[in-house]
Amino acid sequence: MELLRSHGQFLSLSRQSPALFTAPFAFTLDNGTEVEISAPGIISFTPVSPKGKDIVLSSGVHGNETAPIEICDELVQALLTETLTASHRVLFLFGNLPAMDLGERFVEENMNRLFSGAHSSGPGLVNQERVRAKELELAVGHFYRQGEKLGQTYRCHYDLHTAIRGSKNEKFAVYPFRHGQPWKQSQLQFLFACGVNTFLLSNSPTTTFSYFSSNEFGADAFTVELGKVAPFGQNDMQRFQQARDTLLALISQEALSLPEYNPDAVLVYKINQIINRTQEDFRLNFADDAPNFTDFPKGYLLAEETGAQYFAEQEGEAIVFPNAKVALGQRALLTVVPTSI
Ligand SMILES: [Zn+2]
């Protein structure tokens, strides 16, 4: 436990000695902050008089997306060693620990399709990703309900990722479907301060982690793509500096002062088509390494498979998250078109 208290080695202990954390426990830091560890990779901090925000930061839901894991690991270390003091309550979730060890996106199944109860539907809790998704959901629920008892008034959840492929817009965020509630400029303003200038508005419920927190707990939640995948220790952390600094400020400052929202500085897209792979011969009709947000002329054949062809329906329609190798029935491609909020 010395490694935990004086060196802040929570993530490395969670990965190397998960048995240490199988039973939940709590302790108090010298500065009065309550630390609660409910499982390997799940740790929360509650300051003596929390200032209203309940902040959830998740990383490693895809195990090989290392930069956000490194940012959160550093923040946890700073909080545990008391070089940083939280003003607000904050819960850190390091999602897929076994996949981190393998340097893979996942072991058996894409965890970011398993939330809002999807973990228990179909075959049920048959693999570690499904068991973990349920555990993460319970941790979020526990954290927010505790906050409610303490009179906390605001909830947010940033689920931090890096993309498999490059992007024309390196940092972008997916805003989960809001069931008709207004999109918030203040959130775009916050994420812009993190270096994110491109936003994708979802048009339907999904089984992502960010939609879960948005839909079930009214949190301002986003899937945030902070750059490109690289192995641990090989990230150019300079490229993540703005995100790190802004997240640190979010946790430690009572109120954030952000530059004014400038709609001309951001790109906002809405989803136009969701294209699922339904046949073995599904193929994409553009380069394997085409960056996210590459756009195509109206009528361009984007993908095809036996029995179906998929075309760009509008001029400037752009591709996001193409992956021809997904399991049958899963999403192989999203297309998006510009909009504004
Ligand atoms: Zn990811």
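Residues numbered from 1 in each chain as written. Predicted model: local features only at pLDDT ≥ 70, side-chain atom pairs only at ≥ 80, totals over all residues. Heavy atoms only, no water.

J.: Give a description of the coordination of the zinc ion that names residues and reports values.
T.: Ideal geometry at a metal centre: 109.5 degrees between donors when four sit tetrahedrally, and 90 or 180 degrees when six sit octahedrally. Those donors, His-62 (ND1), Glu-65 (OE), Glu-65 (OE) and His-161 (ND1), are the protein atoms that reach the zinc ion, and they lie 2.0 to 2.4 Å from it. Around the zinc ion, the 4 donor atoms sit at angles spanning 57 to 145°, and that spread fits a shape best called irregular. Along the chain, the residues that donate to the zinc ion are spaced as H-x2-E-x95-H. Of this pair, Glu-65 sits in the loop between strand S4 (53-59) and helix H3 (66-80) while His-161 sits in strand S6 (residues 154-163), and the two are 96 residues apart along the sequence. One exposure class covers both Glu-65 and His-161, and it is buried. (Donors = N, O, S within 2.8 Å, 3.2 Å for Na, K, Ca; no water. Tetrahedral: all angles 85-135°; square planar, octahedral: opposite > 155°, others 65-115°. Helix = DSSP H or I, 4+ residues; strand = E, 2+ residues; numbered from the N terminus. Buried < 20%, exposed > 50% of the residue type's maximum accessible area, 1.4 Å probe, protein only.)

J.: Quick rundown of the sheet that holds strand S13 (residues 301-305)? Include the residues and the values.
T.: One open sheet holds the 3 strands; their spatial order is S11-S13-S14, and the pairing between them is antiparallel. The two strands at the open ends of the sheet, each matched to only one other strand, are strand S11 (283-284) and strand S14 (308-311). Alignment of S11 against S13, held across 2 bridges, turns out to be antiparallel. Opposite Arg-283, over in S13, you have Glu-304 as the bridge partner. (Pairing = 2+ DSSP bridges.)

J.: Please provide a residue-by-residue account of the packing of H3 against helix H8 (residues 241-252), values included.
T.: Interaxial distance between H3 and H8 falls to 11 Å at its minimum, and their mutual angle equals 35°. Remark: the crossing between H3 and H8 carries right-handed chirality. Contact with H3, carried on its side by Ile-71, Glu-74 and Leu-75, involves Arg-244, Leu-247, Leu-248 and Ile-251 of H8 and no other residues of that element. Per-class residue counts for the contact of H3 with H8 are 5 nonpolar, no polar and 2 charged. (Axes fitted to C-alpha atoms, helices over the stretch in contact; angles between N-to-C directions. Left-handed = near helix turned anticlockwise from the far one by under 90°. Contact = heavy atoms within 4.5 Å. Nonpolar A, V, L, I, M, F, W, Y, C, P; charged D, E, K, R; others polar.)

J.: So, the pattern of salt bridges: which residues are in play, and what are the values?
T.: Opposite charge on two side chains lets them pair, provided their charged atoms get close. Enumeration according to the criterion identifies 13 salt bridges in this entry. Arg-283 serves as the salt-bridge partner of Glu-304, at 2.8 Å between the closest nitrogen and oxygen. Note that Glu-304 is positioned in strand S13 and Arg-283 in strand S11, a separation of 21 residues in sequence. Its relative accessible area of 21% is what places Glu-304 among the partly exposed residues. Judged by relative accessible area, which is 39%, Arg-283 ranks as partly exposed. Among the charged side chains, a salt-bridge network with shared partners connects Glu-74, Arg-244 and Asp-245. (Salt bridge = Lys/Arg side-chain N within 4 Å of Asp/Glu carboxyl O.)

J.: Run through the pairing of strand S3 (residues 42-46), naming residues and quoting values.
T.: Burial analysis of S3 places 5 of its 5 residues in the buried class, which makes it a mostly covered element. Taken together, the 5 bridges between strand S2 (residues 34-39) and S3 define a ladder with antiparallel strand orientation. When the sheet's bridge partners are listed, Glu-34 is paired in S3 with Thr-46. Hairpin geometry of S2 and S3 is characterised by an intervening segment of 2 residues between the two adjacent antiparallel strands and by a positive phi of about 75° at Gly-41.

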